[in-house]
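Notes for the structure review
Listed below are the residues making up each chain.
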Amino acid sequence: MKTIMTRLSMVLLSSTIFSLSAFADSAPPLPDTPEAWQQTARNDIESAYLETKNNHPGMVDPQNPAFFARLIQAKERSLQYAASVTDAGGYRAALQIFNNLIHDGHAGVYVSLPLDRVYEQKWPGFHAVWRADKMMVYASELAEVPAGAVLTACDGKPVSTWLQSNVFPFAGHEENQGDWWTHAEKLMRDNGNPFIQLPGKCELELDGKRWAHTLRWTRISAQGKEWERRASDGERLPVGITSPKAGWYWIAAQTFSPDESEREAYRKMYQEIRDKRQDLQKATAIVIDLRHNRGGSSGWSRDLAKALWGDDRVNRRAKAYFADTQVWWRASEGNVSYLENLVGVLHKEGQRPVADMLEKVAAQMRIAQQAGEPFFKAIPAPVTMNMREARIDTATD
């Protein structure tokens, strides 16, 4: 098995590429005319294309020969949309088309705009989500659209058809069931996308009753924004471990990109887990709460596993699990520089094991890059336990 590694998370505006952390402090001024928005969209699509071409592993992956053609299609198609851009909503949609056509869940353009300044987000007075195989009303300010009602169709078309036209061309991937849960809620939002038609009248049903409701699109309320957040992420909890009842433990790990106070909370929690390890191993249930977690360093999750099960067990099983895996790191100048910078960040955060590992990877990537090799291929050392033995070890531990 082969894993391809790269870094591609771009925040673009006016042909400038920023890291996510730098964007808030270094953002350029927003365009102020329709012509400026259109030109910015074109510039940023071109920048996204070049950044991807220069750094994405798909460009040199022998097992992904169609990637470059897909990248060209993403650029050409999104530039077609950019030709009609006149405002922030169109700008966002055009760049989202680029992301969708690349079809890579970990690489692409991240559009960050101050919503209240550039356009007015609207909704129909209720928040709807996709659960199981249907679109349901999560919460509502309207008596005629109660929570729990199912939206079956709008303007004579099934809700699934609306999702295929209004949502998935711009966010997520239709074939991924998890993306229906995550992105279907966007159907009942007007974020200024000029390339879609909003639903006008929807059919609903609840407890055997069916009725039609005409949607009235108005500025979203503060309550609507809170419902949107809670439907997606639920309750926000600080990093830590609690026991809601005897034998039950709740581990809140809702960020893997912690600030200094959260890093200290993680270190305190790890020690508490180590101190309670015998009790935890006898627990009825342990819930690891990843709501709100948007990713970050895997070191935080690895250290959590080690606190729960011990360093030796985790290291042994990780080696067995990855025994048949090669990690190919795209040795581009941009990727090497990014990783070298990341090592410094991780050291400052106190994630020394991860930082040390990535420092070695960055050095090998630099050697490969200077030798003209497209990848640094990290091939694991032989292990004493194969995956079958690891499963037996896990079951009998």
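Refer to the structure printed above.
Worth saying up front: this structure is predicted, and the values here are computed from it rather than measured. The residue count restarts for each chain, going from 1 along the sequence in the order it is written. Reporting in this predicted model follows two pLDDT cut-offs: at least 70 for local features of residues, and 80 or more for side-chain atom pairs to be given and counted; totals over whole chains, interfaces and linings ignore these cut-offs and use all residues. The basis for the side-chain values is all heavy atoms of the structure; hydrogens and waters are excluded.

The first and last C-alpha atoms of helix 8 (residues 222-233) sit 16 Å apart over 12 residues, in line with the 16 Å expected at 1.5 Å per residue. Summary of the burial criterion: residues with accessible area below 20% of their type's maximum are buried, those above 50% are exposed, and those between are partly exposed, where the area comes from a 1.4 Å probe applied to protein chains only. Put simply, DSSP H or I for four residues or longer makes a helix, DSSP E for two residues or longer makes a strand, and each gets a number counted from the N terminus. Listed as buried for helix 8 are Gly-224, Trp-227, Glu-228, Ala-231 and Asp-233. Buried residues belonging to helix 8 abut strand 5 (122-123), strand 6 (126-131) and strand 7 (134-140). The length a helix should cover is 1.5 Å for every residue beyond the first. Contacts between residues were defined by any pair of non-hydrogen atoms, one from each residue, lying within 4.5 Å.

For the rest of this paragraph, the subject is the nonpolar core. What makes a nonpolar core is a set of buried Ala, Val, Leu, Ile, Met, Phe, Trp, Tyr and Cys residues whose side-chain atoms join them at distances within 4.5 Å. Membership of the largest hydrophobic core comes to 25 residues, with the highest contact counts inside it found for Tyr-91 and Phe-98. Elements with a contribution of two residues or more to this core: helix 2 (34-55), helix 3 (67-82) and helix 4 (88-102). The element best represented in this core is helix 4, accounting for nine residues. Of all hydrophobic cores here, the second largest spans 21 residues; its members include Phe-126, Ala-149, Phe-168 and Leu-187.

A few words on the packing of aromatic side chains. Here a pair means two rings of Phe, Tyr or Trp (six-membered ring of Trp) with centres within 6.5 Å. Their orientation is stacked below 30 degrees between planes, edge-to-face above 60, and tilted elsewhere. All chains considered together, the criterion is met by nine aromatic pairs. Here the aromatic rings of Tyr-81 and Phe-170 are separated by 6.5 Å at their centres, their planes lie at 90 degrees, and the arrangement is edge-to-face. Residue Tyr-81 is located in helix 3, and its partner Phe-170 is located in the loop between helix 6 (159-166) and helix 7 (177-183); the two are separated by 89 residues in the primary sequence. Here Tyr-81 falls in the buried class, since its relative accessible area comes to 19%. A relative accessible area of 9% places Phe-170 in the buried class. Each member of the aromatic cluster is reached from another via a ring pair, and the members are Tyr-81, Phe-170 and Phe-195.

Just distances and angles here, no functional claims.
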